[in-house]
Amino acid sequence: MLMKIQRVVAQGIRGHYAGWSNSGKMVRPICIVLLSLLLEACTSPSVREPVTLTLLDEWPNKTFSEARQQELQQFTRETGIRVSLLPSPESGRQKLVLWRELLGTGASGPDVYAVDVIWSGMLAEYFLDLKPYFANEVSLQFPAITASYTVDNKLVAMAYHPDIGLLYYRTDLLRQYGYREPPRTWDELEIMAARIQAGERAKGKKQFWGFVWQGAADEGLTCDALEWQASEGGGRIIEENQTISVNNPQAIRAWQRAAHWVGSISPPGVVGYREWDSLNVWVAGDAAFMRNWPSAYVDSRAAGSPIRNKFDSALLPGGKAGRVGTLGGFGFAVSRVSVHPREALELVRYLTRRDVQVKRSRVLALPPTLPELYNLPEVLEPNPRFDLLSQAFRASIVSRPSNVTGKKYQNVTDTYIQAVHSVLTGEKSAPEAAAALENELVRTTGFKTGPPLGKSAHP
Ligand code: GLC
């Protein structure tokens, strides 16, 4: 529309000059004024046709979607562009099914999609390359985050919050049971969790558990199990050089260890827990430790939370290869068939903007994507633990093998989840499950087998 009007105006000006060639000195300024008035008119919100974008978001939780609504209202105030927010299902797998359904129809559905880091390779073809629009912003992000949204040199999404697996712990209970610091190793975690659990139960809290985490057969389990095995030197399932490394003694031992937690320091039902299930037990005050994402912070410290001032978070415990957390998080991508790509890009720019990230870090305690923001007092003061996170995003993350496996990632992760889950439920022994998993991965990816690479904690 804008281009059409520009063309019409330009033709008109040429016509004027042809007929009024002698009075060109007067016509030129008039034409320039006319042109700028017209251009201004076409870009001003009052004449711009009102646009409503559709955003498919990731947050099923009330606190987070309320915060998002507020962000979007501010966006509408700033730009005149309205946004209708579509809610999302809770589980990672259900989300991906819905996203694929909408994108696969080829019809213009949502304009902007929230995209999990691991979906970049699977969904790249449906989205615009954001690189030309965000080159500068992207160069300021944590490099590992940018890498996870880049497929064949195409920037599939702009990250808006990075995730990393963390250990939440009860400061009051640690103190009561004589521990000065959270556990640094899995061995220490086991000892502390068992002792606190026994003590709390003896006091009558029969529902109390040492450690809750994500054991349901869903993507959360891939994240947790990768942390167990990578911290022991058991690799990242499929390595950066495309070798399938998962069938190794360190990974097997790490799974066996976790299987022993079920029913001892963790509830038997943990094999059905997703993030929100663990959070519910934790916020109720019924667990000493929890593995979860940074987003668990906000509900833990909400008014009315029984553990409001009684917890903190730390890096997850480590093993032989150090302490690691799985890299997660979401970004925003623009549909290739959006009928409002310009406005959609504006929305992505706004939602990933510096000041919006700063506000989000204060309201929702979500870590920003830009390392420089971690030095700001307004970010650090309400979130002292961010110091640790900015280190962790540089040095302590392990990435799921979604980049190496591209479109096949869902298949790879599903097979991995089934294998680990069968060990947790006692259905299969860990060596048996690892061998079967290896065979299946060779069959589906065509990659060769090999050992885990060096210090496998790094992406
Ligand atoms: C979190 C992470 C995401 C991960 C999911 C698994 O939302 O940000 O990357 O895939 O949890 O449940």
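Position numbers for residues start from 1 in each chain and track the written sequence from start to end. For this predicted model, a pLDDT threshold of at least 70 governs which residues receive local features, and a threshold of 80 or more governs which side-chain atom pairs are given and counted, while totals over whole chains, interfaces and linings are taken from all residues. Where side-chain values are given, they derive from all heavy atoms of the structure, hydrogens and water being excluded.

What about empty space enclosed by the protein?
Then, number 1: Both cavities and pockets are sets of points on a 1 Å grid over the protein atoms alone; in a cavity a 1.4 Å probe fits but cannot get out, in a pocket the set is open with protein on both sides within 12 Å along at least five of seven lines, and lining residues sit with an atom within 4 Å of a point. Grid points are joined across faces, edges and corners, and a volume is the space filled by probe spheres set on the points. Within the structure shown, the criterion is met by two cavities of 30 Å³ or more.
Then, number 2: Estimates place the volume of the largest cavity at around 580 Å³.
Then, number 3: As for the largest cavity, its lining consists of 35 residues, and the residues nearest its centre are Glu90, Lys95, Glu275, Trp293 and Phe330.
Then, number 4: Under the DSSP-based scheme used, a helix requires at least four consecutive residues in state H or I and a strand at least two consecutive residues in state E, with every element numbered from the N terminus. For the lining of the largest cavity, the secondary-structure elements that each account for two or more residues are α4 (92-104), β6 (158-164), α10 (219-230), α12 (275-283) and β12 (325-334).
Then, number 5: The element contributing the most residues to the lining of the largest cavity is α4, with four residues.
Then, number 6: Its volume calculated, the second largest cavity comes out at about 30 Å³.
Then, number 7: Lining the second largest cavity, in full, are Tyr160, His161, Gln357, Arg360, Ser361, Leu366, Pro367 and Pro368.
Then, number 8: Only β6 and α15 (354-363) provide two or more residues apiece to the lining of the second largest cavity.
Then, number 9: No other element matches the three residues that α15 contributes to the lining of the second largest cavity.
Then, number 10: When the residues that make up the lining of the second largest cavity are grouped by side-chain class, the tally is four nonpolar, three polar and one charged. Residues were grouped as follows: Ala, Val, Leu, Ile, Met, Phe, Trp, Tyr, Cys and Pro as nonpolar; Asp, Glu, Lys and Arg as charged; and all remaining residues, including Gly, as polar.

Thoughts on the packing of helix α19 (residues 409-424) against helix α20 (residues 430-445)
Then, number 1: Contact geometry for α19 and α20: axes closest at 9 Å, N-to-C directions at 170 degrees. Regarding the angle of α19 to α20, the classification is roughly antiparallel. Contact with α19, carried on its side by Asn411, Val412, Thr415, Tyr416, Ala419, Ser422 and Val423, involves Ala430, Ala433, Leu437, Glu440, Leu441, Thr444 and Thr445 of α20 and no other residues of that element.
Then, number 2: Its residues assigned to classes, the contact of α19 with α20 shows eight nonpolar, five polar and one charged. Every axis in this analysis is a line fitted to C-alpha atoms, fitted for helices over the stretch in contact. Angles between the N-to-C directions lie between 0 and 180 degrees. Should an angle lie under 35 degrees it is considered roughly parallel, over 145 roughly antiparallel, and from 65 to 115 roughly perpendicular; all remaining angles are considered oblique. When checking whether two residues touch, look at their non-hydrogen atoms; a contact exists if any pair is within 4.5 Å.

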